[in-house]
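Chain and residue survey
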Amino acid sequence: MNIVLLGAPGAGKGTQAAMLVEECGLCHISTGDILRQAVKNQTELGIKAKGFMDAGELVPDDLIIDLMKERIQQPDTAKGVILDGFPRTATQAVALDTMLAELDRPLNAAVLVDVDFEVIVGRLCSRRMCKQCGYIGSVADGPVCPKCGGEMYQRDDDNETTVRNRLNVYEKSTSPLIDYYRGCNLLVKIDGDRDPRDVYTDIKEVLGL
Ligand code: AMP
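So, a few notes on the structure that sits alongside this text. (Residues numbered from 1 in each chain as written. Predicted model: local features only at pLDDT ≥ 70, side-chain atom pairs only at ≥ 80, totals over all residues. Heavy atoms only, no water.)

1. Side note on the overall build of the protein
- Scanning the protein for helices and strands turns up 9 helices and 8 strands.
- The C-alpha atoms of the protein give a radius of gyration of 16 Å, which matches the 17 Å a tight globule of 209 residues would have.
- Scored against the burial criterion, the 209 residues of the protein give a buried share of 45%.
- Within the protein, contacts between residues at least 6 apart in sequence are counted, and of these 71% link residues at least 24 apart.
- Surface exposure of the protein reaches about 10400 Å², of which carbon and sulfur atoms provide 50%.
- Separation between the mean location of the 24 positive side-chain charges and that of the 32 negative ones in the protein comes to 3 Å. (Helix = DSSP H or I, 4+ residues; strand = E, 2+ residues; numbered from the N terminus. Rg over C-alpha atoms; globule rule 2.2 N^0.38 Å. Buried < 20%, exposed > 50% of the residue type's maximum accessible area, 1.4 Å probe, protein only. Contact = heavy atoms within 4.5 Å. Areas by Shrake-Rupley, 256 points an atom, 1.4 Å probe, with all protein chains shown as cover. Lys, Arg positive; Asp, Glu negative; His and termini not counted. Charge placed at Lys NZ, Arg CZ, Asp CG, Glu CD.)

2. Brief notes about the sheet that holds strand β6 (residues 136–138)
- The 3 strands are arranged β6-β5-β7 in an open sheet whose pairing can be described as antiparallel. Each edge of the sheet is formed by a strand with only one pairing partner; in this case those strands are β6 and β7 (152–153).
- Bridging between strand β5 (residues 127–130) and β7 involves 2 bridges; their strand directions are antiparallel. The residue bridging M129 from the neighbouring strand is Y153, located in β7. (Pairing = 2+ DSSP bridges.)

3. Let's talk about unusual backbone geometry
- F86 connects to P87 through a cis peptide bond whose omega is 0°.
- Within the secondary structure, P87 is located in the loop between β3 (81–84) and α5 (90–102).
- Located in the positive-phi region is N185, a residue other than glycine, with phi close to 60°.

4. Quick word on the side chain of R71
- Looking at the element boundaries, R71 is found in helix α4 (residues 61–71).
- Overall, R71 belongs to the buried group, its relative accessible area being 16%.
- Setting aside its immediate chain neighbours within four residues, R71 contacts C27, I29, I34, D76 and T77.

5. What to know about helix α7 (residues 160–174)
- Along its 15 residues, α7 runs 20 Å from first to last C-alpha, staying within 8% of the 21 Å computed at 1.5 Å per residue.
- Of the residues making up α7, those classed as buried are T162, V163, R166, L167, V169, Y170 and T174. On an axial view of α7, the arc spanned by its buried residues comes to 160°, and they lie on one face. For α7, exposure combined with an orientation more than 90 degrees from the buried face picks out T161, N168 and K172.
- Each element contacted by the buried residues of α7 is listed here: α3 (44–55), β4 (109–114), α6 (117–125), β5 and α8 (176–183). (Expected span 1.5 Å × (residues − 1). Arc of directions from axis to C-beta.)

6. Observations regarding the site of the ligand
- Lining the immediate surroundings of the ligand are 16 residues, of which T31, R36, E57, G85 and Q92 lie closest.
- Note that an oxygen atom of the ligand is positioned 2.9 Å from one of the side-chain N or O atoms of R36.
- Backbone polar atom of G85 to a nitrogen atom of the ligand: 2.8 Å apart, as the coordinates give it.
- Coverage of the ligand by the protein chains reaches 96% of its 480 Å² of free accessible surface.
- In terms of residues, the shell around the ligand owes the most to one element, helix α2 (residues 31–40), which gives 4 residues.
- Counted by class, the shell around the ligand contains 6 nonpolar, 4 polar and 6 charged residues. (Near = heavy atom within 4 Å. Polar contact = N/O pair within 3.5 Å; in protein donor to acceptor, adjacent residues only side chain to side chain. Nonpolar A, V, L, I, M, F, W, Y, C, P; charged D, E, K, R; others polar.)

7. Topic: the environment of D193
- Counting through the fold element by element, D193 comes out in the loop between β8 (187–191) and α9 (196–207).
- Distance in space between the C-alpha atoms of D193 and R105 is 31 Å, their sequence separation being 88 residues.
- Excluding its chain neighbours within four sequence positions, the residues that come into contact with D193 are D114, V115, V119 and R123.

As structure tokens, this is what we get:
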């Protein structure tokens, strides 16, 4: 099963993807995570991407599409993928269709996790993540990861100015994909402003998992 998770930054795509991976064994591909790792390792991609990421802007399509072409061909994707944060533009969506067609894999659904923007601003400004295991929590978790004991930190782009810019970018560049996937009869909309476990139950139900 191959799924695109759609939704604004902070809608809970990463949290839902982590639950799907744990229970269903699908391969989670988050372009944001790959880019953050590249920035940390100061690779050529990371150096090119950092400025865009810090400003809350999108990294150029050609870099992202090259990254995804390589990632989606790796053996761990054969059972199915959950794409989190990709595609983010119409160009990326068309490129994804081509990649999947070449691999002879269908896209089964585009799940839109829908959350009001003001709720997202509050969520993202208090979001904290674990440096060690990637757990996504909040400031309420304190400095130590409740899952693995690792150090919790705040992403550089989780400040109010950058968050609002990321939401503007989402509105302009990514939200048109909702219509794109609706037109392909693949769109499923889920209310994401609830307890993550309830959101997850709905996602599993609509995907027939
Ligand atoms: P995320 O973790 O998905 O919120 O992504 C963090 C940042 O990485 C975004 O604000 C963008 O700068 C960049 N990024 C992640 N995925 C993409 C993508 N598919 N296209 C362009 N930029 C991306």
